[in-house]
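Coordinates in review
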Amino acid sequence: AKMGYNLKTDYDFSVVNSVMPDVVMSDICNELEKITKGFVVANVREYDGKIESYDTIGAMAALAASLQTSMRVDIQDKLGVIDETSFKYEMYLTASQIENYKYRILFIGYGITGYPAKIVLEQDIADELNNKEDSGYIYTVNSKTELEELLVSIFNSKTLQKIIQNLITASNRKLLDQKEAEEGC
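Residues numbered from 1 in each chain as written. Predicted model: local features only at pLDDT ≥ 70, side-chain atom pairs only at ≥ 80, totals over all residues. Heavy atoms only, no water.

**Quick look at the overall build of the protein chain**
- Assigned secondary structure in the protein chain consists of five helices and five strands.
- Secondary structure elements in the protein chain, listed N-terminal to C-terminal, are α-β-α-β-β-β-α-β-α-α.
- Split into buried and exposed, the 185 residues of the protein chain put 37% on the buried side.
- Counting only contacts in the protein chain whose residues sit at least 6 apart along the sequence, the fraction spanning at least 24 positions is 62%.
- Taken as a whole, the protein chain presents about 12,100 Å² of accessible surface, with 52% of it coming from carbon and sulfur. (Helix = DSSP H or I, 4+ residues; strand = E, 2+ residues; numbered from the N terminus. Buried < 20%, exposed > 50% of the residue type's maximum accessible area, 1.4 Å probe, protein only. Contact = heavy atoms within 4.5 Å. Areas by Shrake-Rupley, 256 points an atom, 1.4 Å probe, with all protein chains shown as cover.)

Below, the structure is given as structure tokens:
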């Protein structure tokens with residue numbers, strides 16, 4: 001069918017960047033669970049944006065502010081993006097054997113297109129990745145590939161490796177204690 005109006009026809013229909021950030025994160029989480037034999041689970045959950053205080057959170061409060069600022073068009077409010085949906089997720093570790101333990105790794109926020117996505121990273125991990133203390137902890141990723149690279153460097157950081165190892169050790173110890181208790185009675 002010949003088009004009559006000479007509109008641009010070479011739009012990008014490639015699937016690679018249509019994978020939304022929460023799906024990419026879930027894939028990596030599933031891999032971690034396999035590696036840790038289910039002892040340590042990384043979770044991705046929708047986040048309602050109310051900032052609560054958790055022991056493991058450093059400078060997370062800034063996220064609330066930064067994600068609330070909506071895109072404004074510089075003409076009139078009536079034009080441009082009308083109420084772009086902002087998707088917000090948190091990613092955190094839990095341990096199958098340890099109740100009420102939660103280590104929040106990051107927040108992520110993005111609009112309807114998925115990218116760019118804004119990531120607010122836990123301070124200790126950010127400091128390690130940036131190689132300096134009290135460093136910037138807000139990252140912008142512009143594609144699925146950039147997000148994957150950042151997530152891999154987060155999970156392979158010494159900070160997170162140490163936490164994951166401690167959780168595996170603690171979980172093993174708990175299972176051992178339970179076994180001994182059962183045998184002892």
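Having seen the model, we can carry on.
**Some remarks on the side chain of Ser171**
- One can find Ser171 in helix H5 (residues 158-184).
- Among all residues touching Ser171, those that are not within four sequence positions of it are Phe39, Ala95, Gln97 and Ile98.

**Considerations on the sheet that holds strand S4 (residues 117-121)**
- In space, the five strands of this open sheet follow the order S1-S2-S3-S4-S5, with antiparallel pairing throughout. Where the open sheet ends on each side, the last strands, each with one partner, are strand S1 (40-46) and strand S5 (138-141). Here the strands of the sheet are splayed against their neighbours by 30° on average, with no regard to which way each runs.
- Bridging between S1 and strand S2 (residues 87-95) involves seven bridges; their strand directions are antiparallel. By the bridge assignment for S2, Val40 is matched with Ala95.
- Together, strand S3 (98-110), S4 and S5 form the strand contacts of helix H3 (residues 123-130), whose direction differs from that of S4 by roughly 105°.
- Running over the sheet, H5 touches S1, S2 and S3 and is turned about 155° from S3. (Pairing = 2+ DSSP bridges. Axes fitted to C-alpha atoms, helices over the stretch in contact; angles between N-to-C directions.)

**Describing the nonpolar core**
- Of all hydrophobic cores here, the largest spans 40 residues; its most connected members are Leu93, Ile105, Leu106 and Leu160.
- Among the elements that make up this core, the one with the highest residue count is S3 (six residues).
- Apart from the residues within four sequence positions on either side, Leu160 is in contact with Leu93, Tyr103, Ile105, Ile125, Ile154 and Phe155. (Core = buried A, V, L, I, M, F, W, Y, C linked by side-chain atoms within 4.5 Å.)

**What to know about helix H4 (residues 144-155)**
- An ideal rise of 1.5 Å per residue puts 16 Å on 12 residues; H4 measures up with 16 Å between its terminal C-alpha atoms.
- The set of residues buried in H4 consists of Lys144, Leu147, Leu150, Leu151, Ile154 and Phe155. Along the axis of H4, the buried positions cluster into a sector of 130°, meaning they face one direction only. (Expected span 1.5 Å × (residues − 1). Arc of directions from axis to C-beta.)

**Remarks on the pairing of S3**
- Bridge count between S2 and S3: eight bridges; the pairing is antiparallel. Its bridge partner lying in S3, Met91 is registered against Leu106.
- The antiparallel hairpin formed by S2 and S3 contains two residues in its connecting segment.
- Turn length for the S3-S4 hairpin, with the two strands adjacent in sequence and antiparallel, is six residues, and the turn residue Gly114 shows positive phi of about 90°.

**Structural notes on the packing of aromatic side chains**
- For the structure on display, the rule yields three aromatic pairs.
- Note on Tyr47 and Phe107: the rings are 4.4 Å apart at their centroids and 45° apart in plane angle, and the pair reads as tilted. Of the two residues, Tyr47 is situated in the loop between S1 and helix H2 (61-68) and Phe107 in strand S3; the sequence distance between them amounts to 60 residues.
- Its relative accessible area of 8% is what places Tyr47 among the buried residues.
- Classification of Phe107 by relative accessible area gives buried; the value is 0%. (Phe/Tyr/Trp six-rings, centres within 6.5 Å; stacked < 30°, edge-to-face > 60°.)

**Structural notes on the environment of Val40**
- Looking at the secondary structure, you find Val40 in strand S1.
- With relative accessibility at 0%, the residue Val40 sits in the buried group.
- The sequence separation of Val40 and Ser96 amounts to 56 residues, and the corresponding C-alpha distance is 6.3 Å.
- Leaving out residues up to four positions away in the same chain, Val40 has contacts with Leu32, Glu33, Leu93, Thr94, Ile164, Leu167 and Ile168.

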